[in-house]
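# Residue-level structural notes
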Amino acid sequence: MRRQGLTTLCYLERDNNYLMLHRVSKKNDINKDKWIGVGGHLEDEESPEECIKREIFEETGYDIPLSELEFRALVTFVSHKGDYELMSLFTATAPDGEPKECDEGKLEWVPKDKIYDLNLWEGDKIFLRKLSESHKFFSLKLVYDTEDNLIEAILDGVDLLKRR
């Protein structure tokens, strides 16, 4: 059974690239046409680490040891459409070899300096920047309006949008 609102996401890294998933396959996908990392919902009795290990394997075919997953952040997503999600964010080094085909979209290695050219959620740009700047654990709250515009971003207690 899926645990509504509890999710994981991982950015697999290799040779200064991230493995990105272009979400073009699923119908009624909140991430339709967006580029994201791999991950998904926790199932009964799973920890975030167990969930992301399973999701990475299901979506890529890579079997990443739990000890090689780096828990980087806790991200809270709120949407005025009624969605709420608490996401555990990870990074890991990808093993050699190409990923298998994914039924949720197209997997592609993207140079880290080209990531921001992709169709990303505005909030994802914030945590991707933070992942590249520091290995310090962080907490991020992202609030979107009914049109999917980012209206609030709180990073470790600091309102990022008020400073603009």
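Attention in this report is confined to the structure presented alongside it.

### Overview of the overall build of the protein chain
Each helix and strand in the protein chain was counted, giving 2 helices and 10 strands. In the protein chain, the succession of α and β elements from N to C terminus is β-β-β-β-α-β-β-β-α-β-β-β. Taking all 164 residues of the protein chain together, 48% fall into the buried category. Summing over all exposed atoms, the protein chain offers an accessible surface of approximately 9000 Å²; the carbon and sulfur share of this is 47%. Once the 24 positive and 35 negative side-chain charges of the protein chain are each reduced to a mean point, those two points are 4 Å apart.

### Examining the nonpolar core
Residues Tyr11, Met20, Val75, Leu89, Phe127 and Leu142 are the most contacted members of the largest nonpolar core, which totals 29 residues. Listed by contribution, the elements that provide at least two residues to this core are β1 (2-14), β2 (17-22), β3 (35-36), β5 (70-79), β6 (84-93), α2 (122-133), β8 (138-144) and β9 (150-155). Sequence-distant contacts of Tyr11, defined by excluding residues within four places in its chain, comprise Tyr18, Met20, Ile36, Gly37, Leu89, Phe90, Thr91, Ala92, Asp124, Phe127, Leu128 and Leu131.

### Things to note about the pattern of salt bridges
Two side chains bearing opposite charge may form a pair once their charged atoms approach each other closely. Evaluation of the coordinates by the stated rule reveals 11 salt bridges. With its nearest N and O atoms 3.6 Å apart, the salt bridge here joins Glu43 to Arg54. Highlighted residues: Glu43 in strand β4 (residues 38-43) and Arg54 in helix α1 (residues 48-60), separated in sequence by 11 residues. Overall, Arg54 belongs to the buried group, its relative accessible area being 16%. With a closest N to O distance of 3.1 Å, Asp148 and Lys81 form a salt bridge. With Asp148 in the loop between β8 and β9 and Lys81 in the loop between β5 and β6, the pair connects residues that are 67 residues apart, well separated along the chain. You can call Lys81 partly exposed: its relative accessible area is 49%. Several salt bridges converge on common partners, so that one network encompasses Glu43, Glu46, Arg54, Glu55 and Glu58.

### Here's the deal with the side chain of Lys130
With respect to the helices, strands and loops of the structure, Lys130 is situated in helix α2. Of the side chains bearing the opposite charge, Asp156 lies closest to the buried Lys130, which forms no salt bridge; the N-O distance is 4.7 Å. When residues no more than four places from it in sequence are discounted, the contact partners of Lys130 are Phe138 and Leu155.

### Focus: the packing of aromatic side chains
Counted according to the given criterion, the structure contains 5 aromatic pairs. With centroids separated by 6.2 Å and ring planes inclined at 55 degrees, the aromatic side chains of Tyr11 and Phe127 adopt a geometry described as tilted. Of this pair, Tyr11 sits in strand β1 while Phe127 sits in helix α2, and the two are 116 residues apart along the sequence. Judged on exposure class, the residue Tyr11 and its partner Phe127 are both buried. With 4.9 Å between their ring centres and 20 degrees between their planes, Phe71 and Phe90 make a pair best called stacked. One end of the pair, Phe71, is in strand β5; the other, Phe90, is in strand β6, and 19 residues separate them in sequence.

Thresholds applied
Residues numbered from 1 in each chain as written. Predicted model: local features only at pLDDT ≥ 70, side-chain atom pairs only at ≥ 80, totals over all residues. Heavy atoms only, no water. Helix = DSSP H or I, 4+ residues; strand = E, 2+ residues; numbered from the N terminus. Buried < 20%, exposed > 50% of the residue type's maximum accessible area, 1.4 Å probe, protein only. Areas by Shrake-Rupley, 256 points an atom, 1.4 Å probe, with all protein chains shown as cover. Lys, Arg positive; Asp, Glu negative; His and termini not counted. Charge placed at Lys NZ, Arg CZ, Asp CG, Glu CD. Core = buried A, V, L, I, M, F, W, Y, C linked by side-chain atoms within 4.5 Å. Contact = heavy atoms within 4.5 Å. Salt bridge = Lys/Arg side-chain N within 4 Å of Asp/Glu carboxyl O. Phe/Tyr/Trp six-rings, centres within 6.5 Å; stacked < 30°, edge-to-face > 60°.

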